[in-house]
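Chain and residue survey
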Amino acid sequence: MKKDFKSSVSKAVHNATLTGALGKFSEAYKVNRQKAYEGIDFETLRETIAERKSYAAAHLDLMAQTFQINAEAAGAKVFRTNDPEEVKAYILKVARENDVKSVVKSKSMASEEIHLNDYLEKNGIEVGETDLGEWIIQLAGQKPSHMVMPAIHMTKEEVSELFSKEVNERLTSDIPRLVEVARNELRSKFLRADMGISGANIAVAETGSIVLVTNEGNARLVTTLPRVHVAIVGIEKFVEKFEDVVPVLTALPRSATAQLLTSYVSIITGPAQNTDGSMKDLHIILMDNRRTDMAADDKFKQALQCIRCGSCLNVCPVFRLVGGHVFGSVYTGGIGTILTAWFEEMQKSEDIQGLCLQCGNCKEVCPGKLDIPDMILEIRRRLVSQKGQTLVQKSIFSVVNNRKLFHSMLRTASLAGKPFTSGGFIRHLPFFLSELTEMRSLPAIAAEPFRDRFEKIAQPKQKEKIAFYAGCLIDFAYPEMGEALVKILNKAGFEVIFPQEQTCCGAPALYNGAWDVAAQNAIDNIKALTATDVSYVVSACPTCTVALKHEFLKTLDVEKKTEWVAQAQKLADKSIDFSTLVKKLVDDGRLNIAEGVELGKITYHDSCHLKRTLRVSEQPRELLQKAGFELSEMFECDMCCGMGGSYSLKLPEISAPILERKLKNIKETGAGTVAMDCPGCVLQIRGGFDKEGGKVTVKHTVELLAERLK
Ligand code: SF4
Ligand code: SF4
C-alpha cells in the first residue's frame, strides 16, 4: 500500500466532519431502510432484479439493437460506442451543430466517468450541474464522495461559504435560505441552457425508453426545457421489458435513501415538444466503456446487475469512516473498487482494494445480488498473478506453507514475546512493532500450544469420533478454548481427535491474493482431516469453518487442483461450526446445559463469517440464554469489530475506530460479559478492552458453555 494512499486514508479518518456525517447517516439509514422494506420480500425482489438484469447483461447486443430500433422509431437519435472519447466528441459535435453555449446537467455517473464537464468547458461550453449535491461539489471543485449523495461530506457552513462567493452576498448557514439561493441560481441556468444532459437509471429495450429517478425535479427540467437533450446511458442500465422497470423502481429508492418512492420518476420515450411546437433534438448515447468485456467475464458479469443505489456504501464499515475521496475515482466504495478496476485499469485498484475488510455487509443489502467481497478477492488474485507477491508476502507465505517450520516459529515467538508479556497480554512492543499494540493489546503466544496440551487430555474412549480443527489462534494463542471444546464434546459422548498434521486454513493467503499458497494449505488440511472416519469436523473459528466448508473447494477449483475436489467436498459435508453443533446436540438430548441459575446480563457480538457466510446467529444466543444469561442486544451487533485477519495490522488507522465503536456499543448494553464465536474477534475486542482498562469480560461461547454442563 503506497504511503500517500495511507496518508489520505488517515486524513479522512481524522476528518471529524466527514466521519460524523457519514456515521450518523449510516446509523439512521439502516433503521430507515428496514422500515422502507416492510411488507416487501427483499430476497424475492432482488432475485427478480438479478435475474432480469443478468439476462440483459448476457444479451447486451440484442438489448442495444432492440433499444435503438424502438428509440429511433419514437424519434430519438441513438449512438452506441465503446470509447469514452467518442462519447465526448459526439456531444461536442451535437453542441456545435446546435450552437450550444450553455449546458445544464442532471446527475449522471456515466458523465462523471468520462470527465465530460472538463471536456466541454475546455471547448468553451458552460456546464452547470443542477442536482443540488452535484452543484455544491462543482462549486467546490471536488469530486462526488458518494454515488447518491455527492456532497454528504460537507457541512452547511462550508456550503454557505461556497454559495456566498457564487452570489456575491454574505449568507448564513440557514438551510431554507441556502435552498432558496440554489433554486434561484439554478432556475436561471435552466432557462438559459441550450442543451440538457442527463444520465438514465433504466433503459428499456422493448420501448426505447429511458427512466430517470430524482428527488429534486431537476432531471425533468434538464430534459424538457432546453431544445436539445442528450442522455448518456451506460449499457448496464438495460432491461428487456417495460415490466422489468417495476422491480428496479421498487428497490432503487428504498435502497438508496430509504424512501418508498422518489418525488419524480420521468419516463422518456422519444422527444417532447418545444414551446414553439417544434420537436426537441433527443440523442441517446449508449456507452460501453468495457461493459461488454465485463459481461464476458464469468466472475465480473454480475457487476452489470448493479442499479447504482449506493446501499453498499451506506452499510460499509470502512466507507463510513473514509468516505469516497480516498478511492480517487468517480465510483467509490466496494462497488467503486470493482468499476475502477474495469473502467479505468486493474492497476488503479491496487491500493483501494485493500480497504475492503471482507465483512460481507454490502452483499447482504445489495438489490442486484452482487457479491462485492468475492469480486474484490478476485481483483486481489488477479493483481497478485499479474505482479507476483511482494517480498514480505513471499517470505511469510513460504513459512505458512511449511507446517513444521510455521509451528516451530510460533513456538519461538512464544519465548521471544515473554519479556513483553504480562497477564496473558502483550501490551507494548518495541521499535517498528509498536504500532501493533497501539489500539489493542495482543494475546501472548501460548507457552504450550493446544496441539501439545491435547496429548495430555484424558478422554474416555468412545465409538463416535469427532475431529477438531483448531486454527492457528486457538492452537497457539487460546488453547483453553480448545480444551473447553473437548470437554463439551466428551460430555456429548464423542471422542475428539486432533490430527497433528493440520495447519493454517489458508485464509490469510487467500485474502491477500496468494491462491496458490491457500490451495496448498487446503490440500494439507484435507489430507490431515480426512485420514480418520469421523462424524463431524468441528471448528470454533468461523473463518476456518468457512475455509473448510467453502473456500477449499473454490481455491482448488481456481488453482485447477481438481483431483482434490472430491475429498474437499467430503470434508465440507462433515464440517460444522461450534454453536450449530452444540445446539444440535442439545436439541437431540445428547448434551444437557445446567439451567436455573441467573448468570447476569450478556451481550453477543456476531462475527462476520458466522453471521453472513455460515448464516448462524440464533444458535449461540439460544445456548447462552439456556445456560442462564440474560441477553441484552447491542446496537449493530453484527457490525465488524475491525479485526479482519491481517487487516488490523495493515490498516490500524481504520481498524482502530471500528473497534472503538464496537467497544462503545458493548458498554452501552450494561452487560458484564460479551460473548462471540470467533477467536479473531476475541483477540480484537479483548485486546481493545484491556488497552482501555475496560471492565467487560470477553469470552468465546465455548468457554462460557463449558462451565455450564450438567
Ligand atoms: S452494488 Fe448493489 S448495493 Fe451497491 S450500488 Fe450496486 S446495486 Fe446498489
Ligand atoms: S465486504 Fe465489507 S468492507 Fe468490503 S466493501 Fe463490503 S461492506 Fe465494505
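As shown above, the structure is provided for reference.
Counting restarts for each chain, with residues numbered from 1 along the sequence as it is written. A letter from A marks each chain and a number from 1 marks each ligand, given out in the order of writing. A pLDDT threshold of at least 70 governs which residues receive local features in this predicted model, and a stricter bar of 80 or more applies before side-chain atom pairs are shown or counted, although totals over entire chains, interfaces and linings include all residues. Heavy atoms from the whole structure form the basis of all side-chain values; hydrogens and water molecules are not counted.

**Some thoughts on the overall build of the protein chain**
Counting from the N terminus, the helices are DSSP H or I runs at least four residues long and the strands are E runs at least two residues long. For the protein chain, the count of helices and strands is 34 helices and 21 strands. Both definitions apply: the radius of gyration is a C-alpha atom measure, and the globule rule equals 2.2 Å times residues to the power 0.38. In summary, the protein chain has a C-alpha radius of gyration of 28 Å against a globular reference of 27 Å for 710 residues, a match within 12%. A simple rule labels every residue: compare its accessible area, found with a 1.4 Å probe on the protein chains alone, to the largest value its type can have, and call it buried under 20%, exposed over 50%, or partly exposed in between. Counting the 710 residues in the protein chain, one finds 59% classified as buried. Any two residues whose heavy atoms approach within 4.5 Å are treated as being in contact. Within the protein chain, residue pairs in contact and separated by at least 24 positions form 78% of the contacts whose partners lie at least 6 positions apart. Of the roughly 28,700 Å² of accessible surface on the protein chain, a fraction of 53% belongs to carbon and sulfur atoms. In this count, Lys and Arg are taken as positive residues and Asp and Glu as negative ones, while His and the chain termini are left out. Every charge is mapped to an atom, namely NZ of Lys, CZ of Arg, CG of Asp or CD of Glu. Across the protein chain, the mean location of the 90 positive side-chain charges is 4 Å away from that of the 90 negative side-chain charges. Note that accessible areas follow from Shrake-Rupley with a 1.4 Å probe, and for residues the cover is restricted to the protein chains shown.

**Side note on the pairing of strand β6 (residues 209-214)**
Burial analysis of β6 places 6 of its 6 residues in the buried class, the great majority of the element. Burial along β6 is two-sided: S209, V211 and V213 and I210, L212 and T214, pointing in opposite directions, are all buried. We treat two strands as partners when DSSP finds at least two bridges between them. When strand β5 (residues 202-204) meets β6, the two strands line up antiparallel, connected through 3 bridges. Considered in β6, the bridge of V204 is made with S209. The turn linking β5 back onto β6 is made up of 4 residues, and G208 within it adopts a positive phi angle of 70 degrees. The pairing of β6 with strand β9 (residues 264-268) spans 5 bridges and is antiparallel. Following the sheet pairing, V211 is matched in β9 by I267.

**Let's talk about the site of ligand 1**
Nearness is defined per residue: one heavy atom within 4 Å of the molecule or strand is enough. Every residue lining ligand 1 is accounted for by C306, I307, R308, C309, G310, S311, C312, I335, C366, P367, L370 and I372. Classes in brief: Ala, Val, Leu, Ile, Met, Phe, Trp, Tyr, Cys and Pro nonpolar; Asp, Glu, Lys and Arg charged; the others, Gly included, polar. Taken together, the residues of the shell around ligand 1 sort by class into 9 nonpolar, 2 polar and 1 charged.

**Considering the nonpolar core**
By nonpolar core we mean a set of buried residues, namely Ala, Val, Leu, Ile, Met, Phe, Trp, Tyr and Cys, connected to one another through side-chain atoms within 4.5 Å. I210, F238, I284, V322, I338, L355 and I654 are the most contacted members of the largest nonpolar core, which totals 76 residues. Sort the elements by how many residues they give to this core and helix α16 (residues 333-343) lands first, with 6 residues. Once residues within four sequence positions are removed from consideration, I654 is found in contact with V9, V13, V318, L321, V322, L355 and Y647. Listed in part, the 66 residues of the second largest apolar core include L581, F629, L663 and L709.

**Side note on the packing of aromatic side chains**
Each pair of aromatic rings taken from Phe, Tyr and Trp, with Trp reduced to its six-membered ring, is defined by centres within 6.5 Å and is described as stacked if the planes are under 30 degrees apart, edge-to-face if over 60, and tilted in the remaining cases. Going through the model one piece at a time under the given rule, you end up with 14 aromatic pairs. Taking the centre distance of 5.8 Å and the plane angle of 45 degrees together, the rings of F450 and F454 count as tilted. Of this pair, F450 and F454 both sit in helix α21 (residues 450-456), 4 residues apart, which is roughly one turn of the helix. Given a relative accessible area of 11%, F454 falls into the buried group. Between the aromatic rings of F454 and F498, the centroid separation amounts to 5.7 Å while the plane-to-plane angle is 45 degrees, which identifies the pairing as tilted. Of this pair, F454 sits in helix α21 while F498 sits in the loop between β15 (495-497) and α24 (507-510), and the two are 44 residues apart along the sequence. Neither F454 nor F498 differs from the other in exposure class; each is buried. Site record: aromatic cluster; members linked through ring pairs are F450, F454, F468 and F498.

**Topic: the sheet that holds strand β18 (residues 600-604)**
Read across the open sheet, the 4 strands follow the order β19-β18-β20-β21; overall the sheet is parallel. For this open sheet the edge positions go to β19 (629-631) and β21 (697-700), each flanked by a neighbour on one side alone. Sheet twist, expressed as the mean angle between neighbouring strand axes with direction ignored, is 40 degrees. In the sheet, β18 pairs with strand β20 (residues 673-676) via 3 bridges, with the strands oriented parallel. When the bridges of β20 are listed, Y604 appears paired with A675. Angles shown run from 0 to 180 degrees and are taken between the N-to-C directions of axes, each axis being a line fitted to C-alpha atoms and, for helices, limited to the stretch in contact. Contacting β20 and β21, helix α33 (residues 679-692) runs over the sheet at an angle of about 170 degrees to β21.

**A look at the packing of α16 against helix α18 (residues 372-387)**
α18 packs onto α16 with a crossing angle of 40 degrees between their chain directions and a minimal axis gap of 9 Å. Put simply, α16 runs oblique to α18. Crossing of α16 over α18 shows left-handed handedness. Listed contacts from α18 to G334, I335, T337, I338, A341 and W342 of α16 are I372, M375, I376, I379 and R382. Split into classes, the residues belonging to the contact of α16 with α18 amount to 8 nonpolar, 2 polar and 1 charged. Comment on the angle field: the value is read as roughly parallel under 35 degrees, roughly antiparallel over 145, roughly perpendicular from 65 to 115, and oblique elsewhere. We call a crossing left-handed when the near helix sits turned anticlockwise from the far one by less than a right angle, and right-handed when that turn is clockwise.

Such coordinate-based values are descriptive only and should not be taken to indicate function.
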